[in-house]
Amino acid sequence: MFALVSSGFLSRRGALVLLLLALLAALATGALAQTKESPGKRLEAIRSQMDKGQGLFVAGNYAGAAEVFEAGYSAYPYSAFLFNAGVCYQKQNDVDRALAKFREYVKVDPNAPDLDKVNQRIAALEAAKATALAAAAAAAAAAAPVGDAGADADPDAGALPPPPPPPPPPLILPSGDDQNSMKSLVVIETEPDGAPLRIYQRLDANAARFVLGAATNPGWKEVVATHAPANLTLDVGHYHVVVEKFRDFNASEADMAVSPGHVHQLKANLSQGEFMAFLRVSSNVIGAHVWIDDKKKEHPLWGNAPHGELVPGGKHDVLVEAPGFEPFLSSVELQHGEQKELEVRMVRVGYGVLRIDASAPEIKVRIDEQPKGVWRSGEEPLDARFDSGSHKLTIESDGRKTFEGTIVVPRGQILPVHAKMIPKYPRGPAWTQAIIGAAFLGAAIYVGSESNRLYDQLQSDRANGSLESSDDRATKGKWFAVGADAGFAIAGVLGGLATYNFIKDPLPESSVTQGKLLEFEDPLKARPVAHLGPRKLPVKNAVAAEHGPRFEFKPSASSNGGGLFFGGRF
Amino acid sequence: MRGRLWKLSLLGGLALSASACSWSRFDDVVEDSPVVLLTKPNSMKAGFGVTLATATNGGQTELLVGGTTNLSGAALYDVGNEQAPGTTSVDSGYCSSGSCFLSSLMAGFANASAPDQVRPLCFAVGSGTVLQQGLVVRCKDAHEYTLDMPPAAQDFLASSIAKNQPHDHPMATDRSDDPLLLASLPEKRLAWFYPPKSREPSELVLPDDAQADDSSFGRSLAVLAVDGGRVLALGVPGKSSVFLFKTEAGSQSRYIGCLGENSGLGRALAAGKVDADDNDDLVVSDDHNVHVIDGAALFELPETTSGACSFSSLPKAALISSFGCGSTSNLSGCELSEFGAAVAVGDLDGDGDGEVIVGAPKMTVRGQENAGALLVYDADQASETAFVDAKFISSAESGDELGRSIVTPHLDKRDIIAAGAPGRGKTALFYCSALLPHGAAGSRCP
């Protein structure tokens, strides 16, 4: 498709010339097909700028609104920005800057339908300014000293400074402007281009519906007569757009309601004799991918939200997807020439991804006690998908303290987790003490048992009258008892030391650091943009849409003369 | 599971620690022990506990422990009372000189008629020379004298002394205050006795047909005090015979018969009150059994001239009981234990009736072969003799041969056991008996 939207300050013919020159330059240099900004995106940017300025104006931030409109005009020189900026200055009583903007508006858009109104506004402002200046001069004169009266006064009085002049009266500009004063940008296109346009404004709210071909349409006034494509700055109001009979195409018409500070787009498909509808899809997820009538996503996406385009009237399926969000699918019914905005509120998916790495050569990750993988140093972080919510995270690494904790998995986002794995405190001394202590304990138990056994024997022998006083088992058992006690004492000391050294741990526990939440990677980002302008969508009983680049040279003839039509799609 | 084991181990350790920490309990358990070993004096040349003799007078009891026959002397010990037994010798001069030959059987006197006066607590310990040659007697007061022997024995002693070829003179007394002393000279097949309060020997005469010509003649002797008289028993184990005599008064004796038929009969003899009457009874062992014969019945035997030896000549009911070796969980090896190598009678429980103590010096004790043991029988049962107790040394060692010699010193109101274990030179006093009521024997016994 042709990729330029005509600017309001250029004449139609001049725009066509510029367009042809641009295309020829592109072909000559081999720079194919793609301008820096597609018409759709450009129009969306204009729309965004206009909406932003209108929002500030409604909020009473006239300075901010003026700044936005000025910037909008710098980037996209449409006269609506100039007018709106002038209104903002006027609301600030900045008469000079307001006059400058209105004068520039008249200059760049001499065919504006509201030219008379703007000139009247300029005149009113100039008059108000003159009145204010006169009042100021009078006030200054009244405040100035009269003749030499002052010279006869007390010479001492001459030492006093003259009193300051009174301040000029404040400049009060007419300020009946409200949000409906903002002008809107209206873009009207035809397929094919060049069709003659007439735009009628409804002056009487009670006027009957506009009837094409009627002798008169009371309450309606023709405000614009031009050819498509046209970029117009229009007041708020109801309009009727008529595409007159052109070549072999019949006339078409459509109603249009212009709201304040907006960008409107109309396109007439003359082959079908109908105006196309305008659909804009916005989302709480900026950049969400939008497909129209392509549930299976077999074709390139329609656009990224917010995105608006002309679409054929009728019912359309809208599929909106964004990584990390549940797909949104809805049907939209559009009338011919209707403009509709579909606001999609996307909901994040019920799962998230943990992206785990660590300060260890190798870690083993378990979630809710289930193994989830092994990560090794030098590899990409381990991604693990889980249902959102709290999960028990366990990270193990040889020779390092195990991390156990609860982690909250976000919905539809990636949570980077870096585990700081602290080496285990060496337990060698503790084990040594424990083993030696156990050996002493075992020996003590053995000799203690032997001591008890000998004592029991001696007791038994004493009971049966056989024990003799010099029985060496008494001496033996006594030394066993001493040895057992010593063994128990040493084992106790070593056991205490071992316990202390098992418990002692000056090193901190392993921990995890959670990074800033990341969005899911968008696989479509790597895909080339498949089209630069509004895609010709399949329409019932319509010629099948053609895909792929196409260049076309076609002879053209009209009452104004003949020529060669050159067009293309990239 | 592991935690529970740790806890059990810990508790076990603490329990063991608590139980084992008081090592002083070993001092307590051996304090006042029921068995006391006597200390062998350094002057004892060879052996200790080979032969024993005891004498009691006026509440004082002495124990004489002899060494190897003919080679060593004997040492005297004050048995004293139960709490403070004398474990060291009070006099080791018994038959300690080179002119005295220790007998295999010594005899104790409550009172002995010494040449100058009656002396208490004397012992006939052997043969030799004091002032004259004869049987050597030494008293508690260290006075020594000799008793003349029959001429043949006296001549033989002179010859032996001259040739320094000692010969054994076994001796025995009864336990009366004025005992009769019976002696023998096996080499000459001579036996004689000294009536109470007399130093004159009276020779025993065997029937002509008596089969007594054996070197074992008189190796075992016993004197029974019966109804004012005495029954003299003279064993000839080589001939499986025990010849019996009796005396009533004066120096006359009459031959009243011979016990025989059982192999090895007469290996050991002992006298004491076993049954309920006041007369001594005779205890005699053979190769396998021990027999208890009523002393009163023997005393009633008429004089005879027959040298035949048998049990059949005994009157009915004269044989009180006969019993063989018994064993316990600590003792084993009855067959080769030399059961009956020594016998004694003592009133171990103080009930007036004596128990028979039989030595088995080759008995295996707790796996210690030939450690030896003493088996105690309550033989006064009218119907059946009961094996009531077994005595051994808790520190028994292989080769002790406890029970090679046995006497029963009198202590207060009862008798205790003194037994020799000459194999390793031990002599032990056994204070306790299973027949004693609990707590009736002081702190040494349960």
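Remember, predicted model here, so these are calculated numbers, not experimental data.

**Remarks on the overall build of chain B**
And then number 1: Summing up its helical and strand segments, chain B has 4 helices and 32 strands in all.
And then number 2: Looking at the 446 residues of chain B, the share that counts as buried comes to 58%.
And then number 3: Excluding contacts between residues fewer than 6 apart, the proportion of contacts in chain B whose partners are at least 24 apart in sequence is 58%.

**Structural notes on the overall build of chain A**
And then number 1: Scanning chain A for helices and strands turns up 8 helices and 25 strands.
And then number 2: Among the 570 residues that make up chain A, the fraction classed as buried is 33%.
And then number 3: Excluding contacts between residues fewer than 6 apart, the proportion of contacts in chain A whose partners are at least 24 apart in sequence is 65%.

**Section: the interface of chain B and chain A**
And then number 1: Counting residues at the interface gives 28 residues for chain B, matched by 28 residues for chain A.
And then number 2: Secondary-structure elements contributing two or more residues to the side of chain B that touches chain A are helix H1 (2–20), helix H2 (24–30), strand E1 (35–37) and strand E32 (426–430) of chain B.
And then number 3: With 6 residues, the top contributor of residues to the side of chain B that touches chain A is H1(B).
And then number 4: Considered class by class, the residues forming the side of chain B that touches chain A number 18 nonpolar, 8 polar and 2 charged.

**A closer look at the environment of B:Ala373**
All names here are of chain B.
And then number 1: Take Ala373: it is sitting in strand E26 (residues 373–378).
And then number 2: A residue is classified by how many C-beta atoms lie within 10 Å of it, and Ala373, with 33 of them, is buried.
And then number 3: Counting along the chain gives 29 residues from Ala373 to Leu402, while the straight-line C-alpha distance between them is 5.5 Å.
And then number 4: Non-local contacts of Ala373, meaning those with residues more than four positions away in its chain, are made with Leu331, Ala360, Met363, Val365, Ala390, Lys391, Phe392, Leu402 and Gly403.

**Remarks on the nonpolar core**
And then number 1: Counting 157 residues, the largest nonpolar core has B:Phe123, B:Met171, B:Leu282, B:Val343 and B:Val356 as the members making the most contacts within it.
And then number 2: Once residues lying within four places of it in the same chain are set aside, the contact partners of B:Leu282 are B:Ala222, B:Leu224, B:Val231, B:Ala233, B:Leu269, B:Ala271, B:Ile293, B:Gly295 and B:Leu298.
And then number 3: Core analysis: the second largest hydrophobic core is formed by 75 residues, A:Leu43, A:Tyr76, A:Ile188 and A:Leu279 among them.

**Topic: the pairing of strand E2 (residues 196–202) of chain A**
Residues and elements named next belong to chain A.
And then number 1: Most of E2 is tucked away, with 5 of its 7 residues classed as buried.
And then number 2: Relative to strand E3 (residues 220–227), E2 runs antiparallel, the two sharing 7 bridges. Pairing of Arg198 across the sheet is with Ala225, part of E3.
And then number 3: In this sheet, strand E5 (residues 237–243) lies alongside E2 in antiparallel orientation, the contact comprising 5 bridges. Bridged to Ile199 within E5 is Val241.

**Some words on the pairing of E26(B)**
Residue and element names in this part refer to chain B.
And then number 1: For E26, a buried count of 6 out of 6 residues is recorded, marking the element as mostly surrounded by other parts of the structure.
And then number 2: Judged by which residues are buried, E26 turns out to be covered on both faces: Ala373, Leu375 and Tyr377 on one side and Leu374, Val376 and Asp378 on the other are all buried.
And then number 3: Relative to E26, strand E24 (residues 355–360) runs antiparallel, the two sharing 5 bridges. Paired with Gly359 across the bridge in E26 is Leu374.
And then number 4: Pairing geometry for E26 and strand E27 (residues 386–391), over 5 bridges, is antiparallel. For Val376, the partnering residue across the bridge sits in E27 and is Asp389.

**Examining the environment of B:Gly66**
All names here are of chain B.
And then number 1: As for its position among the elements, Gly66 is in strand E3 (residues 60–66).
And then number 2: Spatially, the C-alpha atoms of Gly66 and Ser92 are 9.5 Å apart, while their sequence positions differ by 26 residues.
And then number 3: Beyond its immediate chain neighbours, meaning those up to four positions away, Gly66 contacts Val50, Thr51, Leu52, Ala74, Leu102, Met106 and Val125.

**A word on the packing of helix H7 (residues 428–463) of chain A against helix H8 (residues 472–503) of chain A**
Residue and element names in this part refer to chain A.
And then number 1: At a minimum axis separation of 7 Å, H7 and H8 run at an interaxial angle of 155 degrees. With respect to H8, the axis of H7 lies roughly antiparallel. Where H7 crosses over H8, the two elements pack in a sense that is left-handed.
And then number 2: Here the residues of the contact of H7 with H8 sort into 23 nonpolar, 10 polar and 3 charged.

**A short note on the confidence of the model for chain A**
All names here are of chain A.
And then number 1: Looking at chain A, pLDDT values average 80 and 80% of them are 70 or higher.
And then number 2: Between residues 1–12, whose pLDDT stays under 50, and residues either more than four places distant or in other chains, the model counts 40 contacts.
And then number 3: Within the model, pLDDT remains below 50 along residues 14–35, and this stretch shows 14 contacts once partners closer than five positions in the same chain are excluded.

**Quick word on H7(A)**
And then number 1: For H7(A), which comprises 36 residues, the first-to-last C-alpha distance of 51 Å matches the rise-based estimate of 52 Å (1.5 Å per residue) to within 8%.
And then number 2: Just downstream of H7(A), A:Gly465 is the residue with a positive phi angle, here 75 degrees.

**Section: unusual backbone geometry**
All names here are of chain A.
And then number 1: Here the amide bond leading from Glu191 into Pro192 is cis, since omega sits at 0 degrees, within 30 degrees of zero.
And then number 2: You can see Pro192 is positioned in the loop between strand E1 (184–191) and E2.
And then number 3: Between Ala305 and Pro306 the backbone carries a cis peptide bond, its omega angle lying at 0 degrees.
And then number 4: Mapping Pro306 onto the fold places it in the loop between strand E10 (303–304) and strand E11 (307–311).
And then number 5: Residues other than glycine seldom take positive phi values, yet Asp293 does so here, at roughly 50 degrees.

**Description of the packing of helix H2 (residues 39–58) of chain A against helix H3 (residues 62–75) of chain A**
Residue and element names in this part refer to chain A.
And then number 1: Relative to each other, H2 and H3 sit at 165 degrees, their axes nearing to 7 Å. Classified by the angle between their axes, H2 and H3 sit roughly antiparallel to one another. Crossing of H2 over H3 shows left-handed handedness. Taking contact as the criterion, the partners of Gln49, Met50, Lys52, Gly53, Leu56 and Phe57 in H2 are, on H3, Tyr62, Gly64, Ala65, Val68, Phe69 and Gly72.
And then number 2: Looking at the contact of H2 with H3, its residues break down into 7 nonpolar, 4 polar and 1 charged.

**So, the sheet that holds strand E12 (residues 314–321) of chain A**
All names here are of chain A.
And then number 1: Ordered in space as E10-E9-E12-E13, the 4 strands form an open sheet in which the pairing is antiparallel. The sheet is open, and its two edges are formed by E10 and strand E13 (328–334), each paired on a single side.
And then number 2: As paired strands, strand E9 (residues 289–292) and E10 are joined by 2 bridges and run antiparallel to one another. Paired with His289 across the bridge in E10 is Asn304.

**Observations concerning the sheet that holds strand E9 (residues 144–147) of chain B**
Residues and elements named next belong to chain B.
And then number 1: Spatially, the 4 strands line up as an open sheet ordered E6-E7-E8-E9, and their pairing is antiparallel. Each edge of the open sheet is held by one strand with a lone partner, namely strand E6 (100–113) and E9. Each strand axis lies, on average, 30 degrees off the axis of its neighbour in the sheet, ignoring direction.
And then number 2: One ladder, built from 4 bridges, connects strand E8 (residues 133–139) with E9; its direction is antiparallel. Across the sheet, residue Arg138 finds its bridge partner in E9, namely Glu144.
And then number 3: Along the sheet, helix H3 (residues 151–163) contacts strand E7 (118–129) and E8; its crossing angle with E8, the most-contacted strand, is approximately 85 degrees.

The rules behind these values
Residues numbered from 1 in each chain as written. Chains lettered and ligands numbered in written order. Predicted model: local features only at pLDDT ≥ 70, side-chain atom pairs only at ≥ 80, totals over all residues. Helix = DSSP H or I, 4+ residues; strand = E, 2+ residues; numbered from the N terminus. Buried ≥ 20, exposed ≤ 12 C-beta atoms within 10 Å, placed from the backbone. Contact = placed C-beta atoms within 7 Å. Nonpolar A, V, L, I, M, F, W, Y, C, P; charged D, E, K, R; others polar. Core = buried A, V, L, I, M, F, W, Y, C linked by C-beta atoms within 7 Å. Pairing = 2+ DSSP bridges. Axes fitted to C-alpha atoms, helices over the stretch in contact; angles between N-to-C directions. Parallel < 35°, antiparallel > 145°, perpendicular 65-115°, else oblique. Left-handed = near helix turned anticlockwise from the far one by under 90°. pLDDT = per-residue confidence, 0-100. Expected span 1.5 Å × (residues − 1).

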